[in-house]
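These are the residues of each chain, in order.
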Amino acid sequence: MANNGALQKAIEVLEKQLNQPLKTALEVCARCGICAESCHYYVSEPKIEHVPAYRAEQLRKIYRKKNNFLGKFFPRLVDAIDLDEKVFDKLVEMAFSECTLCRRCTFNCPLGVDTPLVMRTIRAMATATGKAPEILVMLADAAIAKGENPEIFKELFLQQISELEKELQEITGDPNAKIPVEKEGAKILYVALAGAHTIIPPAIIFNEVKEDWTLSLYEAANYGVFLGDVERAKKIAKRIIDEAKRLKVQEVVVAECGHACAALVWDAPNWFGESFPFRIRSIVELLAEYIQKGILKVEKIHTEPITYHDSCNLARTGGIFKEPRFILNSVAKDFRDMNPNGIENYCCGGGGGLVALPEYYEKRMRAGKAKSEQIKKTGAKIVAAACENCKLQLADLNNYYNLGVEVKGVVDLVAEAILNRKKSVTSVN
Amino acid sequence: MLLFSKILALISLLFFFGGILYHYFVTKRLKFPSDFARPKGSWKVGVLYSFTLGMMPWAKESTRRHWIAYLRGVAFHIGIFSGLFILVLSFFTEHFNEAVNLIFALIVGFGALMGFVGIVMRIFERNLREISTLDDFISVVLVSISLAFIALALIEPAFKMPMYFTSAIMLFYAPLGKIRHCLYFFFSRFFFGLHLGKRGIVHRFTEVSYGK
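Bear in mind that the values here come from a model prediction, so they are computed numbers and not experimental data.

### Considering the overall build of chain A
Next up, step 1: Assigned secondary structure in chain A consists of 22 helices and eight strands.
Next up, step 2: Relative to its length of 429 residues, chain A is compact, with a C-alpha radius of gyration of 23 Å against a globular reference of 22 Å.
Next up, step 3: The C-alpha extent of chain A, read off along each of the three principal axes, is 85 × 50 × 35 Å.
Next up, step 4: For chain A, with 429 residues in total, the buried portion stands at 56%.

### Description of the packing of helix α2 (residues 20-27) of chain A against helix α9 (residues 115-128) of chain A
Residues and elements named next belong to chain A.
Next up, step 1: For the pair α2 and α9, interaxial distance at closest approach is 9 Å and the crossing angle is 110 degrees. One way to sum up the angle between α2 and α9 is to call them roughly perpendicular. Contacts between α2 and α9 involve P21, L22, A25 and L26 from the former and L117, V118 and T121 from the latter.
Next up, step 2: The residue makeup of the contact of α2 with α9, split by class, is six nonpolar, one polar and no charged.

### Quick look at the sheet that holds strand β1 (residues 188-191) of chain A
Residues and elements named next belong to chain A.
Next up, step 1: Pairing in this open sheet of four strands is parallel, and the strands run β2-β1-β3-β4 from one edge to the other. Looking at the sheet topology across the chains shown, the edges are occupied by β2 (213-215) and β4 (279-282). The sheet shows a mean angle of 25 degrees between the axes of neighbouring strands, taken without regard to direction.
Next up, step 2: Note: strand β3 (residues 251-254) against β4, four bridges, orientation parallel. Note on β4: the bridge partner recorded for V252 is I280.
Next up, step 3: Sitting on the sheet, helix α14 (residues 230-247) is in contact with β1, β2 and β3, with an inclination near 155 degrees to β1.

### Overview of the packing of helix α1 (residues 2-29) of chain B against helix α8 (residues 160-173) of chain B
All names here are of chain B.
Next up, step 1: For the pair α1 and α8, the least separation of the axes is 8 Å and the interaxial angle reads 25 degrees. As judged from the angle between their axes, α1 and α8 are roughly parallel. Remark: the crossing between α1 and α8 carries left-handed chirality. Taking contact as the criterion, the partners of L2, S5, K6, L8, A9, S12, L13, F15 and F16 in α1 are, on α8, K160, M161, Y164, F165, S167, A168, L171 and F172.

### Thoughts on the pairing of strand β8 (residues 406-409) of chain A
All names here are of chain A.
Next up, step 1: Only one face of β8 is buried, namely the one carrying V407 and G409, since none of E406 and K408 on the opposite face is buried.
Next up, step 2: As paired elements, strand β7 (residues 382-385) and β8 share four bridges and run parallel to each other. Of the residues in β8, the one forming a bridge with V383 is V407.
Next up, step 3: Tracing the backbone out of β7, into helix α21 (residues 388-400) and back to the parallel element β8 gives a crossover that is right-handed.

### Structural notes on the domain arrangement of chain A
All names here are of chain A.
Next up, step 1: Each assigned domain of chain A is listed with its residue range as follows: domain 1 (4-132), domain 2 (136-293) and domain 3 (306-428).
Next up, step 2: The gap between the C-alpha centroids of domain 1 and domain 2 is 34 Å.
Next up, step 3: Counting from both sides, the interface comprises six residues of domain 1 and, opposite them, five residues of domain 2.
Next up, step 4: Of the residues belonging to the side of domain 1 that touches domain 2, the class tally is two nonpolar, two polar and two charged.

### Section: the interface of chain A and chain B
Next up, step 1: With 56 residues of chain A at the contact, the number on the chain B side is 51 residues.
Next up, step 2: Secondary-structure elements contributing two or more residues to the side of chain A that touches chain B are α2, α4 (52-67), α5 (69-73), α6 (75-78), α8 (104-108), α15 (258-272), α16 (283-293) and α18 (322-331) of chain A.
Next up, step 3: Here the side of chain A that touches chain B takes five residues from α2(A), the largest share from any one element.
Next up, step 4: Split into classes, the residues belonging to the side of chain A that touches chain B amount to 25 nonpolar, 15 polar and 16 charged.

### Focus: α1(B)
Residue and element names in this part refer to chain B.
Next up, step 1: For α1, with 28 residues, the first-to-last C-alpha span of 40 Å sits near the 40 Å given by 1.5 Å per residue.
Next up, step 2: Taken residue by residue, α1 has A9, S12, L13, F16 and G19 as its buried positions.
Next up, step 3: Buried residues along α1 sit in contact with α8.

### A word on the nonpolar core
Grouped burial of nonpolar side chains is what soluble globular proteins tend to show.
Next up, step 1: If you look at the biggest cluster of nonpolar residues, it comprises 153 residues, and the most contacted ones within it are V191(A), V252(A), V254(A), L264(A), L287(A), L328(A) and V414(A).
Next up, step 2: Contact partners of V254(A), with chain neighbours within four places excluded, come to V191(A), A220(A), A260(A), C261(A), L264(A), I280(A), S282(A) and I283(A).
Next up, step 3: The next biggest cluster of nonpolar side chains, apart from the first, holds 39 residues, and it includes L77(A), A105(B), L154(B) and Y173(B).

### Comments concerning α16(A)
Next up, step 1: In terms of residue burial, α16(A) counts as a mostly covered element, since eight of its eleven residues are buried.
Next up, step 2: Taken residue by residue, α16(A) has I283(A), V284(A), E285(A), L286(A), L287(A), A288(A), Y290(A) and I291(A) as its buried positions.

About the cut-offs
Here the residue numbers are simple positions, counted from 1 along each chain's written sequence. Here the convention is simple: chains get letters from A, ligands get numbers from 1, in the order in which they are written. Per-residue local features are limited, in this predicted model, to residues with pLDDT of at least 70; the limit for side-chain atom pairs, both in listing and counting, is 80 or more; totals at the level of whole chains, interfaces and linings are taken over all residues. Put simply, DSSP H or I for four residues or longer makes a helix, DSSP E for two residues or longer makes a strand, and each gets a number counted from the N terminus. Radius of gyration means the value over C-alpha atoms here, while the globule rule gives 2.2 Å times the residue count to the 0.38 power. Between the buried cut of 20 or more and the exposed cut of 12 or fewer other C-beta atoms within 10 Å of a residue's own C-beta lies the partly exposed class, and all C-beta atoms are placed from the backbone. Axes, fitted as lines to C-alpha atoms, cover a helix only where it is in contact. Angles between the N-to-C directions of the axes lie from 0 to 180 degrees. In what follows, roughly perpendicular refers to angles from 65 to 115 degrees, roughly parallel to angles under 35, roughly antiparallel to angles over 145, and oblique to any angle outside these ranges. Two residues form a contact once the distance between their C-beta atoms, set from the backbone, is within 7 Å. For this classification, Asp, Glu, Lys and Arg are treated as charged, while Ala, Val, Leu, Ile, Met, Phe, Trp, Tyr, Cys and Pro are nonpolar and the rest, including Gly, are polar. At least two bridges found by DSSP between two strands is the condition for calling them paired. By definition, turning the near helix anticlockwise from the far helix through less than a right angle yields a left-handed crossing, and turning it clockwise yields a right-handed one. When the strands point away from the viewer and the connection leading from the first strand across the helix to the second strand turns clockwise, the crossover is called right-handed. Domain start and end points were adopted from an automatic or database domain assignment. One less than the number of residues in a helix, times 1.5 Å, gives the span that helix is expected to have. A set of buried residues drawn from Ala, Val, Leu, Ile, Met, Phe, Trp, Tyr and Cys, joined through C-beta atoms within 7 Å, is what defines a nonpolar core.

Quick look at the structure:
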């Protein structure tokens, strides 16, 4: 239960975050309601609570009470209200469970209202007052602790990488295949996620093209972003930024992870107030470049129909929607796009940190109905995605709606194409 | 009485512009977040797109799906800007050319009609009704009535007095209520354009090619 101090703190956070874009988002909505069907929650469950304009109105009511003439003196005219515990609890629940910050409403709004920015502000208010989901806070704090005491885990990490390197050599049949760590002066610092599945396939590709790379000690995921907590997010990103500076790399390449990529490419430079001396981009962009430049030669080995799910963070936030299609068309004989796709694609329902919150599993599955229907219509047997959270959600949707598909990463499909070619060469020899 | 209504409308018009300027400076005083990220495209292209092609009914799924409702809104707003233009001109000149009168009467009158249709939609469409505030109804009613009298006054000068009175009320209310979104529209589309442009999201205009 929030007390008056917490409510006061929440209002302070709102006032502190009030910059030009946020004020605009809180002022501009004409409540035309045209955004309703742009939200995957509304498409799956058409009710007023799922209309983006309605959701953002819940914070606007509080904002108007403090910042608007009519709100102060004639509150009933503009539905202005004071923030109380009940209202705040509803706001928090809504911001963390009924909006994945996918930006689809913004893209469909004639005024371009930035509703995700409003939702992120509510998340920041919740985090500052201790009302954010505990799991997200724990995950963020664990990542920060790892950055503060790298020596504790480093030895174990290096042992694990050594084992993975053996596995890599076995898979590729190349005894010289390496997974370099802490290699100063390497061209690329590759930042993976937790788990071998985001290390081995890129390692296959990097070794194939003889890339000068090194693996980051840290994972790319940044739960501070989901909390709307810039301080935490900055601390998590700092580990990687410092490592990249220390190793003097030319480029940081982020694993298949939508939010991590968006955070490092678009937000981190602003958190630190500097342009970094290295480029940061998604591994999907790098692979597209390899193939486009002829550095990596792949064949269309995948015969089953493949479709691609655009991660909201990669497409609508990062402008990455051509590259994955280029890659998939290079390795698949039957690539089929969903409708709509690209920047108009529906969110899978797992964004905004929802995949990490088991208490919202049912809501998440219901919100993914629109996506599952899109997948069904393609008739695809493989759904490719370039975001870890999307892949987790798609796998859950696959079970929940009996889609009968296999969910794979774009990088995995490219790595498979390389291994397939290696096998053919070996068998011919 | 006509002179009184005209002076009242003029005062309200000044109040309107003063109010909008006030909101502009209050907003501009706030922090504009610096962007240090390396661009993937041109922000200028994004902003240009945001205010032009990005506003076309075919540019968004929502407006493709609800193109009639969208065009209703567009017609309403064209009527508003035309009506405001006529109102300002009326302070300087008594008579316009007959053909000009008729053309503007049709544009502004149609805008008024679309405003009234908007009110009906707000009452009968469930989602719209639930997200609407009293301010929404007051704003659209005031603007629509004002536009109706501007259109009528273009045809029959006897309507000039009610035109000035209703416009005075509408212009006085505008900076206080929802109508001030006319200012924030420009901020919002600008920020949206920055996002689209800098991040290379405006597809047709930002080809990603790494070359040989």
